[in-house]
Amino acid sequence: MTATAPGRAHRAVTLASSVVGAVIVALDGTVLTVAQPALGADLGASFAQVQWTSTGYLIAVAGLLVFAGRLGDRHGHQRVFALGILGFGAASAGIGLAPGIGWVIALRVAQGVFGALLQPATLGMLRAAYPPDRLGTPVALRASAIGIAAAAGPLLGGALVDLFGWRSVFFLNVPPALAMGVAALAVRTPAAPGPRTGRPAAADGLDVPGACLLTVALVALVHTLVAVPETGWTATTAAGPAVVAAAGIAFGRRQRRAASPLVPPEILGSATIGAALGILVAVSAALLGTLFATSWFLQRILGLDPQEAGLRALPAGVMMVLGAPLAAVLMRRFGPRRTVVAGALVLTLGIVLLARLGPGSTALPIGCAFLLLGAGFVTVMVTTTAVAVRHAPKASAGVAGGLQQTAMNIGPTLGIAVAATLMSLTPGAGVGPPLTVLAVFSATAALLALKLPGYEDPVSTAGPSPADAPPARLGR
């Protein structure tokens, strides 16, 4: 009992921390969209200033995720998670007390920095705590919780804003952040069995120049994707792709030459991890772009109010919650390749059906299309996340988690930018043109899935470590 009790406590806290950390981030984003109008009116902020409460956070997160994951690999994911979630909660409390819009924007950027610390750690902790063949279920539980948060966020946010004002949505983060941060610090990671061999090679150093180059590339990419639908192609937005290309090329050269690169060779050169990340970008772009376009269609063309439009899209959220555990079962039964191909094709079918909607469309076909949308996306997301984290060596799990989170941030930004741009270029054409392009995104994910492993699913080129062996009688 004494040998297994610390392991049980550690896994319980790890799973709870991963789930709660992911939920706090997801809930924060969804309730903010509801609170922004009231926030702007109360603080006398312009529309552009209110938008920067989202843009500033997004840029900070996207630019730092991979470096934050590397910090977790070096210093321990629980420590980095604790710092991230406690800082996230403190920044949330600060926003709730902020006297002006400038403070809100600055604290949202700080919140993005702390969010970047905790997000890769939620996956890195799972990789460290669970054997590779048991990662599917924890990842699925995490995905189900995110789905619940995404579905409940607008309803909860609306209720809080109506009853207590916009500041309450930020105070909502504080108690769970404090509780999970303290728990992560209190429960120690069990020592790995066997002789100590020193620090893993992947944690020998921090590639600060590489991190800076990657941050510049990602910040320029996100800023460009956010700005183009709002301002069009100006001198500033046109310079964005050039900055991305230059910083990206310099980053690639740096990774090949650095003694301790930010992204280790076993991850940078892995076709499996690369395909998984590409799939995540494609399907998250397809999903969020589709939700953006269809929300406009439901409200502007069908004349529904926001609540009615949300109810039409509810089957997608329900399927994301219910489908995540099923996705883990399908992955074990049929292998990652078949599971992702099937999920991507289901997602594509849902988008195609939504592209055919017109002014006379009724609730039944809309609901069926959203159901397919949620079922396909969650199947792909759970499977590819498990593949990406599993195929990374344990010493580089944080980097893999950071790359996964980066893909899940870049994809939605890309999808919304594509949908908004095409809708502005084809006024009066409805949602057909943007959804057709977004269906190509999800179909491309099905092609990329052919690079994923079939039934044989090796852990990584580095092989499993002794710590990956399942402790006796711990169960799943």
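Residues numbered from 1 in each chain as written. Predicted model: local features only at pLDDT ≥ 70, side-chain atom pairs only at ≥ 80, totals over all residues. Heavy atoms only, no water.

- As annotated in an unreviewed UniProt entry, the chain carries the name MFS transporter and comes from Streptomyces triticiradicis.
- One UniProt comment on the chain, placed under Subcellular location (unreviewed entry), says "Cell membrane". (UniProt positions renumbered as here; feature names shortened; annotations may be inferred.)

## Details of the packing of helix α11 (residues 271–301) against helix α13 (residues 336–355)
The angle between the axes and the distance between the axes are what describe a pair of packed helices.
Here comes step 1: Where α11 meets α13, the closest approach of the two axes is 11 Å, and the angle between their N-to-C directions is 20°. Judged by the angle between their axes, α11 and α13 are roughly parallel. In this structure, α11 meets α13 at a crossing whose hand is left-handed. In this structure, α11 contributes Ile279, Val283, Ala286, Thr290 and Thr294 to the contact, and α13 contributes Val340, Leu347, Ile351 and Leu354. (Axes fitted to C-alpha atoms, helices over the stretch in contact; angles between N-to-C directions. Helix = DSSP H or I, 4+ residues; strand = E, 2+ residues; numbered from the N terminus. Parallel < 35°, antiparallel > 145°, perpendicular 65-115°, else oblique. Left-handed = near helix turned anticlockwise from the far one by under 90°. Contact = heavy atoms within 4.5 Å.)

## Thoughts on the pattern of salt bridges
Note on pairing: side chains with opposite charge can pair once their charged atoms come close.
Here comes step 1: A complete count under the given rule lists three salt bridges for this structure.
Here comes step 2: For aspartate 28, the salt bridge identified is with arginine 108, shortest N-O distance 2.7 Å. Of the two residues, aspartate 28 sits in helix α1 (residues 5–43) while arginine 108 sits in helix α4 (residues 101–129), which places them 80 residues apart along the sequence.
Here comes step 3: In this structure, arginine 167 engages aspartate 42 in a salt bridge whose closest nitrogen and oxygen atoms are separated by 3.9 Å. Of this pair, arginine 167 sits in helix α6 (residues 167–171) while aspartate 42 sits in helix α1, placing them 125 residues apart in sequence.
Here comes step 4: Using a relative accessible area of 48% as the deciding quantity, one classes aspartate 42 as partly exposed. (Salt bridge = Lys/Arg side-chain N within 4 Å of Asp/Glu carboxyl O. Buried < 20%, exposed > 50% of the residue type's maximum accessible area, 1.4 Å probe, protein only.)

## Describing the packing of α11 against helix α16 (residues 432–448)
Here comes step 1: Put simply, α11 and α16 touch, their axes get as near as 8 Å, and they point 160° apart. Here α11 lies roughly antiparallel to α16, going by the angle between them. The handedness of the crossing between α11 and α16 is left-handed. Within the contact between the two elements, α11 uses Ala275, Gly278, Ile279, Ala282, Val283, Ala285, Ala286, Gly289, Thr290, Ala293 and Thr294 and α16 uses Leu435, Leu438, Phe441, Ser442, Ala445 and Leu448.
Here comes step 2: Split by residue class, the contact of α11 with α16 holds 12 nonpolar, five polar and no charged. (Nonpolar A, V, L, I, M, F, W, Y, C, P; charged D, E, K, R; others polar.)

## Section: the packing of aromatic side chains
Here comes step 1: The final tally for this structure, using the stated rule, is one aromatic pair.
Here comes step 2: With 6.1 Å between their ring centres and 85° between their planes, tryptophan 166 and phenylalanine 170 make a pair best called edge-to-face.
Here comes step 3: Judged by relative accessible area, phenylalanine 170 falls into the buried class, the value being 1%.
Here comes step 4: Arginine 108 extends its terminal NZ or CZ atom over the ring of tyrosine 57, reaching a point 4.3 Å from the ring centre. (Phe/Tyr/Trp six-rings, centres within 6.5 Å; stacked < 30°, edge-to-face > 60°. Lys NZ or Arg CZ within 6 Å of the ring centre and 35° of its normal.)

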